[in-house]
Amino acid sequence: MIQDINQADAQLREHPDPHESGTPVPRTVIAVVSLALLWAVGYIFMAHPSADPSLGDSRTSKELMAQAGGGAGAVDGAQIFGAQCAACHQASGSGVPGVFPPLAGSEWVNGKDSLAANILLHGISGKLTVKGQAYQGAMPAFGDKLSDAQIAAVLSHVRTQFGNSAGKVDEAAVKAARESTKGRTTPWTGDDELAKLK
Ligand code: HEC
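Residues numbered from 1 in each chain as written. Predicted model: local features only at pLDDT ≥ 70, side-chain atom pairs only at ≥ 80, totals over all residues. Heavy atoms only, no water.

With respect to the secondary-structure elements, D191 resides in helix 9 (residues 191–195). Beyond its immediate stretch of four places on either side in the chain, D191 contacts W108, K127, L128 and T129. (Helix = DSSP H or I, 4+ residues; strand = E, 2+ residues; numbered from the N terminus. Contact = heavy atoms within 4.5 Å.)

Next up on the list: the layout of surface pockets. Over the atoms, a rolling probe the size of a water molecule traces out where space has been left empty. Taken as a whole, the largest pocket holds about 500 Å³ of empty space. Taken together, 29 residues make up the lining of the largest pocket; nearest its centre are H89, P101, L103, I119 and M139. Here the lining of the largest pocket takes 5 residues from strand 2 (residues 133–139), the largest share from any one element. Considered class by class, the residues forming the lining of the largest pocket number 23 nonpolar, 6 polar and no charged. Each pocket or cavity is described by its volume, and for the second largest pocket that value is around 200 Å³. What lines the second largest pocket is L121, H122, A141, G143, D144, R178, T181, K182, R184, T185, T186 and P187. (1 Å grid on protein atoms, 1.4 Å probe; cavity = no way out; pocket = protein on both sides within 12 Å on 5 of 7 lines; lining within 4 Å. Points joined across faces, edges and corners; volume = space filled by probe spheres on them. Nonpolar A, V, L, I, M, F, W, Y, C, P; charged D, E, K, R; others polar.)

Ranked by size, the top nonpolar core spans 31 residues in total, and within it F81, W108, I151, L155 and L194 carry the most contacts. Counting residues per element, the ones that place at least two in this core are helix 4 (77–84), helix 6 (113–122), strand 1 (124–130), strand 2, helix 7 (148–160) and helix 8 (171–180). Considering every element that reaches this core, the biggest residue donor is helix 6, with 6 residues. If sequence neighbours within four positions are ignored, L194 has contacts with W108, L115, I119, I124, L128 and W188. (Core = buried A, V, L, I, M, F, W, Y, C linked by side-chain atoms within 4.5 Å. Buried < 20%, exposed > 50% of the residue type's maximum accessible area, 1.4 Å probe, protein only.)

By the element assignment, K198 lies in the segment after helix 9. For K198, a relative accessible area of 52% corresponds to the exposed category. The spacing of K198 and E107 is 91 residues in sequence and 9.4 Å in space, taken between C-alpha atoms. Setting aside residues up to four positions removed in sequence, K198 forms contacts with E107, W108, K112 and L115.

Time to look at the site of the ligand. Neighbouring residues of the ligand: 25 residues in total, closest C85, C88, H89, S106 and M139. Between the ligand and the protein, one listed contact pairs an oxygen atom with a side-chain N or O atom of S106 at 2.5 Å. Taking a 2 Å distance to the grid points as the criterion, the majority of the atoms of the ligand fall inside the largest pocket. (Near = heavy atom within 4 Å. Polar contact = N/O pair within 3.5 Å; in protein donor to acceptor, adjacent residues only side chain to side chain. Sits in = over half its atoms within 2 Å of the grid points.)

Our focus in this paragraph is the pattern of salt bridges. The full count for this structure, using the stated rule, is 4 salt bridges. The closest approach of N and O atoms between D148 and R178, which form a salt bridge, is 2.6 Å. Taken together, the residues span a long stretch of sequence, with D148 in helix 7 and R178 in helix 8 at a distance of 30 residues. Taking the relative accessible area as the measure of exposure, R178 reaches 27% and is therefore partly exposed. In this structure, E193 and R184 form a salt bridge, with 2.9 Å as the shortest nitrogen-oxygen distance. (Salt bridge = Lys/Arg side-chain N within 4 Å of Asp/Glu carboxyl O.)

A ring pair, where both rings are aromatic, is described by two values, the distance of the centres and the angle of the planes. Applying the stated criterion across every chain yields a total of 2 aromatic pairs. With a centroid separation of 5.3 Å and an interplanar angle of 50 degrees, the aromatic rings of F81 and F162 are classed as tilted. Here F81 is found in helix 4, whereas its partner F162 is found in the loop between helix 7 and helix 8, with 81 residues between them in sequence. Judged by its relative accessible area of 3%, F81 is buried. Looking at F162, the relative accessible area reads 21%, which means it is partly exposed. Directly above the aromatic system of W188 lies the positively charged group of R184, at a separation of 4.1 Å from the ring centroid. Here K198 stacks its cationic end above the ring of W108, 4.6 Å away from the centre of that ring. (Phe/Tyr/Trp six-rings, centres within 6.5 Å; stacked < 30°, edge-to-face > 60°. Lys NZ or Arg CZ within 6 Å of the ring centre and 35° of its normal.)

Have a look at this one:
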């Protein structure tokens, strides 16, 4: 019995058994992780999560359409030139001797803006003299294919590139030319007819 009591005293004097308690996470770690999370969420929103993912970046389809020259917005004359004219008149605007006349330094390109607009609207067939050389080809009409704004843009491009400096063409000038030749269904016959529009 005595021994029991002594044993209990001895036990009471003991420290409690050590046990595992939660080790607090250092504040700096919490701060760094929270900042990283905040940044990640912010980043997702800055990357326009609601934009059309098939576009691959933050450009909207409207912006892309405008670049292609097909939709609303700014029309790109250089792009239209590359797609509609360069095959014949060449990317440099120098044409192909004897086959496609040059746009560089051409008196038709650098003349009145209404003259250039009329050529694009209706095309040409028959003999045409460009920079002293005669051509006997066919220039397609673009009146049905391109809008007034597109014709103005491509003419503005052509008249300010390839060493030309005739200045830009307004959409209104193309509209007026289209209006005044409304009844026309055939291409200009070449020198004779176009000389009158000079
Ligand atoms: C299928 C080939 C072809 C395409 C495409 C073409 N042209 Fe032409 N273009 C010609 C030919 C050929 C002539 C000369 C016509 C003739 O001999 O009667 C010409 C003549 C011209 C002329 C008057 C002559 C000169 O050299 O200045 C202009 C201006 C012109 N084209 C601008 C354009 C523009 C701008 C485009 C694009 C929107 C274009 N052409 C697309 C073949 C083409």
